[in-house]
Amino acid sequence: MKLFFASALLAAAAHAGAAPPLDPAVANMARVRVANGIVPGILIGTIINKERQVSAFGVVSRAAPRVPDADTVYEIGSVSKTFTALLLSDAAARGQLKLDDPVGKLLPAYLVPHYRGQAISLLDLATQTSALPRLPSNLLPKRIDNPYADYGDPDLKLFLAGYTLPRAPGARYEYSNLGYGLLGHALAAQAGMPYGELVRQRIVAPLGMQATGIALTPAMQARLAPGHNAQGAQVANWDFGALAGAGALRSSTNDMLAYLQAHMLAQPDAASAPRGLHAVRLARRDSSMPGTAIGLAWHVQTVRGRPVVWHNGMTGGYASFIGFTADGERGVVVLANAAVSVDDIGMSALVPQAQAAAADAPAPRLSAAALAQYVGRYRLAPNFTMTISANADGLLAQATGQAAAPLFARQADEFFYKVVEASLRFSRGADGKVNALTLHQGGHASPAPRIDDAAPAAPQRVEVPLSAELMREYVGSYALAPGFNLVITLDAGQLYAQATGQGRNALFASAKDALFLKVVDAQLRIERGRNGAVIGLVLDQNGAQVPARRNGD
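Presented here is a report on the structure given in the accompanying data block.

A closer look at the overall build of the protein chain
Phase 1: Scanning the protein chain for helices and strands turns up twelve helices and 28 strands.
Phase 2: Taking all 553 residues of the protein chain together, 54% fall into the buried category.
Phase 3: A sequence separation of at least 24 residues applies to 59% of the contacts in the protein chain between residues at least 6 apart.
Phase 4: If you sum the accessible surface of the protein chain, you get close to 22,700 Å²; carbon and sulfur atoms cover 54% of it.

In structure tokens form, the structure reads like this:
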């Protein structure tokens, strides 16, 4: 059943009447996104030449089929990291600390790991170069649908005391929720108050943000849009313990526009306003994304010739995007109550392009033989390759160290992503065979010669039905790694798989005890004990086979 959708322009500020209209191509992207019934509602807030506007699409939920407005509350996920970075920059501007201070200086009771005597600095944490992993291995959630809720101070302290850094801090970008959680924890400890209260005192209250915080006030609760997973089902809200600085905040479009405008102006209007607003946007280190640097949390990139500063976020039921042009002329906030990326909408609204609507247009279907000619590996940089594979639904692209993402055909030899604003154009040699590709992203063109055909097309799998009794045998939690579980659930006759901190995806069977996903080329082989009971599984993905024992067995 398709979800009812509508769109409206809402006054986000007294100046909204003079704001230019939302780019029609961007509006169309949002309309299409909600029309498929997966994303209930999307809000796009813009600031153009200091004038604000909010455009609303869809509804709050099936149970509340009303258009969301600028005061509707959403989880903003990792956009919270920009608040943590601003707390750091503010403290530095006030002379309370230095960016190169070791984090251990703020947490003297913690045994923070070193690398050959080199300590992790606050700057290392803020630029995602701390050498800490994405998540701590002792993150063992009691509820997979609220994975951070029960991770407390003792858990963080225990993990840090036993962890060995694999490289020197500052050497390489590696996105880390753990690192930003630690940064927020350290700043709160220095200030002598909880992280949420520190955010309220230093950022939220001075900027007049009435609907932003960790704890939901009665007013925020009344306006909270329920979250939904990538399949459109309503899910639980996320709560954060010791790692609150990584993604705990909730906010509204009105509040986020006030926050955005403060960054665009980069100068406080009052003595109580946060300081260091300009410092957070300065490019300090390279990120893992081609052509992108990182400041204090914010990504710094040139998109279609314009320098932009941006960050995104996602929880189990929400997605967010915030960005502004470096000249302060244009800014965008996008909030949605489904775990479906809105980065493409945000970036297209920030730097409009005539081709934006094409990303949601029906893509031409190519035959298996036509797809096979693109399959192979392409070198973007030393030790950084793009692997192209094929399955029954089309092409998949996977860059080194990243998840595979589906590609969609735009025209001959040209494909685009929907999860990010990027495209691939393949080129051919004199013999007519594909010999290279060019990645187009963020205004940059990165050529990559073909290096081999080592990524064969995925085998065609025939979906077979399973009995309800057999499917119930698979339901359970499976430990792929410490703190990282794969949970299989059964909902209305459909099996689903969900990894820790990720969205839920449908599972299909090719045979008894043989399951596969369609969104990525991955298979699950169910393992049984001598008595025939399910005791574990093996995940087969990207050439690796990862065994997982069933939790509780």
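Having seen the model, we can carry on.
Remarks on the pairing of strand β18 (residues 422-428)
Within a regular strand, the side chains alternate between the two sheet faces.
Phase 1: Bridge count between strand β17 (residues 414-416) and β18: three bridges; the pairing is antiparallel. Across the sheet, residue E414 finds its bridge partner in β18, namely R425.
Phase 2: When β18 meets strand β19 (residues 434-441), the two strands line up antiparallel, connected through seven bridges. Residue pairing in the sheet places R428 in a bridge with V434 of β19.

Digging into helix α1 (residues 24-35)
Phase 1: Spanning twelve residues, α1 covers 16 Å between terminal C-alpha atoms, matching the ideal 16 Å at 1.5 Å per step.
Phase 2: Listed as buried for α1 are A25, V26, A27, M29, A30, R33 and V34.
Phase 3: Looking at the buried positions of α1, the neighbouring elements they touch are β2 (41-48), β3 (51-58) and α10 (343-350).
Phase 4: Between the side-chain oxygen of the N-cap and the backbone nitrogen of A25 there are 2.9 Å, and the N-cap of α1 in question is D23.

Quick word on the pattern of salt bridges
Phase 1: According to the stated counting rule, one finds 19 salt bridges in the structure shown.
Phase 2: Its salt-bridge partner being D90, residue R94 comes within 2.9 Å of it at the nearest N-O pair.
Phase 3: Between E329 and R306 there is a salt bridge; the shortest N-O distance is 3.6 Å. Linking E329 in the loop between β10 (319-325) and β11 (330-336) with R306 in strand β9 (residues 306-314), this pair joins segments that are 23 residues apart in sequence.
Phase 4: We classify E329 as partly exposed; its relative accessible area is 40%.
Phase 5: For R306, a relative accessible area of 26% translates into the label partly exposed.
Phase 6: Through salt bridges with shared partners, a single network forms among E75, D239 and R250.

Some details on empty space enclosed by the protein
Phase 1: Tallied over the full model, the rule gives one cavity of 30 Å³ or more.
Phase 2: Lining the largest cavity we find P20, P21, L22, D23, T46, I48, Q53, R330 and A349.
Phase 3: A breakdown of the residues in the lining of the largest cavity according to their chemical character gives five nonpolar, two polar and two charged.

Some words on the packing of helix α2 (residues 80-93) against helix α6 (residues 177-191)
Phase 1: Contact geometry for α2 and α6: axes closest at 10 Å, N-to-C directions at 40 degrees. Judged on the interaxial angle alone, α6 and α2 are oblique. The interaxial crossing formed by α2 with α6 has left-handed handedness. Contacts from K81, T84, A85, L87 and L88 in α2 reach N177, Y180, L183, G184 and L187 in α6.
Phase 2: The residue makeup of the contact of α2 with α6, split by class, is six nonpolar, three polar and one charged.

Basis of the calculations
Residues numbered from 1 in each chain as written. Predicted model: local features only at pLDDT ≥ 70, side-chain atom pairs only at ≥ 80, totals over all residues. Heavy atoms only, no water. Helix = DSSP H or I, 4+ residues; strand = E, 2+ residues; numbered from the N terminus. Buried < 20%, exposed > 50% of the residue type's maximum accessible area, 1.4 Å probe, protein only. Contact = heavy atoms within 4.5 Å. Areas by Shrake-Rupley, 256 points an atom, 1.4 Å probe, with all protein chains shown as cover. Pairing = 2+ DSSP bridges. Expected span 1.5 Å × (residues − 1). Polar contact = N/O pair within 3.5 Å; in protein donor to acceptor, adjacent residues only side chain to side chain. Salt bridge = Lys/Arg side-chain N within 4 Å of Asp/Glu carboxyl O. 1 Å grid on protein atoms, 1.4 Å probe; cavity = no way out; pocket = protein on both sides within 12 Å on 5 of 7 lines; lining within 4 Å. Points joined across faces, edges and corners; volume = space filled by probe spheres on them. Nonpolar A, V, L, I, M, F, W, Y, C, P; charged D, E, K, R; others polar. Axes fitted to C-alpha atoms, helices over the stretch in contact; angles between N-to-C directions. Parallel < 35°, antiparallel > 145°, perpendicular 65-115°, else oblique. Left-handed = near helix turned anticlockwise from the far one by under 90°.

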